[in-house]
Amino acid sequence: MSLKAFAGRVLAPLARRTPFSPNALTGIALLFSLAAAVTLAQAARFPVAFLIAIVLSMIGGFLDILDGVVARERHLTSRWGDFLDHFCDRVSDLAWMVGWILGAAIHPALGLIALTAIMLNGYAGTQVEATFQSREYETTGRAEYFLAVIGLPLLAWFDPPRLQMGARSLSWLDLITALIAAGSFFGTFQRLLKARRLARSMNDAA
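If you're wondering where the values come from, they're calculated on a predicted model, not measured in any experiment.

**Some words on the overall build of the protein**
- A count of helical and extended segments in the protein gives seven helices and two strands.
- In the protein, which comprises 206 residues, the share counted as buried stands at 43%.
- Look at the contacts in the protein between residues 6 or more apart in sequence, and 79% of them connect residues 24 or more apart.
- Looking at the protein as shown, the accessible area adds up to about 11600 Å², and 70% of this sits on carbon and sulfur atoms.

Right, dumping it as structure tokens:
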């Protein structure tokens, strides 16, 4: 059973009883994600913000899952809702990474690379769906990113050691951010390959 199917089965009873519409849940989820990003950005001065950001991120992530379950269980799916969900996901991803770069004092150049990688990965997944009407879940994407959203602030709370590389002291957080960027670039490459396969299969069918 996929993670999506498992979440749908577990949350279905709650989804049928919630008074909120899917779009309202999407908006509330975004607000929690933005709050997590703003909180995370303060962590360089107030380390406890790392832990607070985890809680806010988890609430936002839960609501982001719940909105889709509500839409399916109550037959409220719509093109606008699908667009809004994707748009809010991209805003959430971007805001969180900016908060992480500021709060964890990530090297600006490395932070820019990570931002670029995450945005390209999200854009590629959205375009696969928009162009080929194919949901994209099997490649590196939001599930892995959400794990990073929870795990990275926790690592930062423990203040990992710093590695001396050349003239600059490079932290473990810098290195982990580089791994996130690499994983996001890899996910983008996977999605490009999938788009190419889908395009070829459609051409063959025609």
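Having seen it, we continue.
**Remarks on the environment of A53**
- Here A53 is to be found in helix α3 (residues 48–73).
- By relative accessible area, A53 is classed as buried at 1%.
- For A53 and F32, which are 21 residues apart along the polypeptide, the C-alpha to C-alpha distance reads 9.4 Å.

**Brief notes about the nonpolar core**
- Judged by nonpolar contacts, the single largest core of 23 residues is most densely connected at W96, M97, W100 and I106.
- Counting residues per element, this core draws most heavily on helix α5 (residues 108–132), at five residues.
- Grouped together as the second largest cluster of nonpolar side chains are eight residues, L11, A15, V69 and V70 included.

**Describing unusual backbone geometry**
- In this structure, H75 is a non-glycine residue whose phi angle is positive, near 55°.
- Taking relative accessible area as the criterion, H75 reaches 70% and is therefore assigned exposed.
- Backbone geometry places A105, a non-glycine residue, at a positive phi of 55°.
- Considering the arrangement of structural elements, one finds A105 in the loop between α4 (79–103) and α5.

**Focus on the side chain of T177**
- With respect to the element layout, T177 can be found in helix α7 (residues 172–205).
- A polar side-chain atom of T177 sits 2.7 Å from the main-chain carbonyl oxygen of L173.

**Topic: the side chain of T26**
- Mapped onto the elements, T26 comes out in helix α2 (residues 22–41).
- Looking at T26, the relative accessible area reads 3%, which means it is buried.

**Quick word on the packing of aromatic side chains**
- Per the stated rule, a full pass over the model turns up four aromatic pairs.
- A ring pair is formed by F83 and F87, whose centres lie 6.3 Å apart and whose planes are at 10°; its orientation type is stacked. Of this pair, F83 and F87 both sit in helix α4, four residues apart, which is roughly one turn of that helix.
- Among the residues examined, F87 registers a relative accessible area of 47% and is labelled partly exposed.
- A centroid spacing of 5.9 Å and a plane angle of 5° characterise the contact between W96 and W100, whose relative ring orientation is stacked. With W96 and W100 both in helix α4, this residue pair falls four residues apart, about one helical turn. Considered together, W96 and W100 belong to a single accessibility category, that of buried residues.
- Through pairs of rings, three or more aromatic residues link up here, namely F50, W96 and W100.

**Observations concerning the pattern of salt bridges**
- Summed over all chains, the structure comprises two salt bridges.
- The salt bridge partner of E73 is R16, with a shortest N-O separation of 2.8 Å. Taken together, the residues span a long stretch of sequence, with E73 in helix α3 and R16 in helix α1 (residues 3–17) at a distance of 57 residues.
- Overall, E73 belongs to the partly exposed group, its relative accessible area being 31%.

**Quick word on a nonpolar patch on the surface**
- Residues F46, V48, I52, L154, W157 and F158 make up a contiguous nonpolar surface patch of about 600 Å² in total accessible area.
- Those elements that place two or more of their residues in the nonpolar patch are α3 and α6 (142–157).
- Counting through the fold element by element, I52 comes out in helix α3.

How each quantity is defined
Residues numbered from 1 in each chain as written. Predicted model: local features only at pLDDT ≥ 70, side-chain atom pairs only at ≥ 80, totals over all residues. Heavy atoms only, no water. Helix = DSSP H or I, 4+ residues; strand = E, 2+ residues; numbered from the N terminus. Buried < 20%, exposed > 50% of the residue type's maximum accessible area, 1.4 Å probe, protein only. Contact = heavy atoms within 4.5 Å. Areas by Shrake-Rupley, 256 points an atom, 1.4 Å probe, with all protein chains shown as cover. Core = buried A, V, L, I, M, F, W, Y, C linked by side-chain atoms within 4.5 Å. Polar contact = N/O pair within 3.5 Å; in protein donor to acceptor, adjacent residues only side chain to side chain. Phe/Tyr/Trp six-rings, centres within 6.5 Å; stacked < 30°, edge-to-face > 60°. Salt bridge = Lys/Arg side-chain N within 4 Å of Asp/Glu carboxyl O. Patch = residues over 30% accessible without salt bridge, like charges linked within 9 Å, V, L, I, M, F, W, Y side chains within 5 Å.

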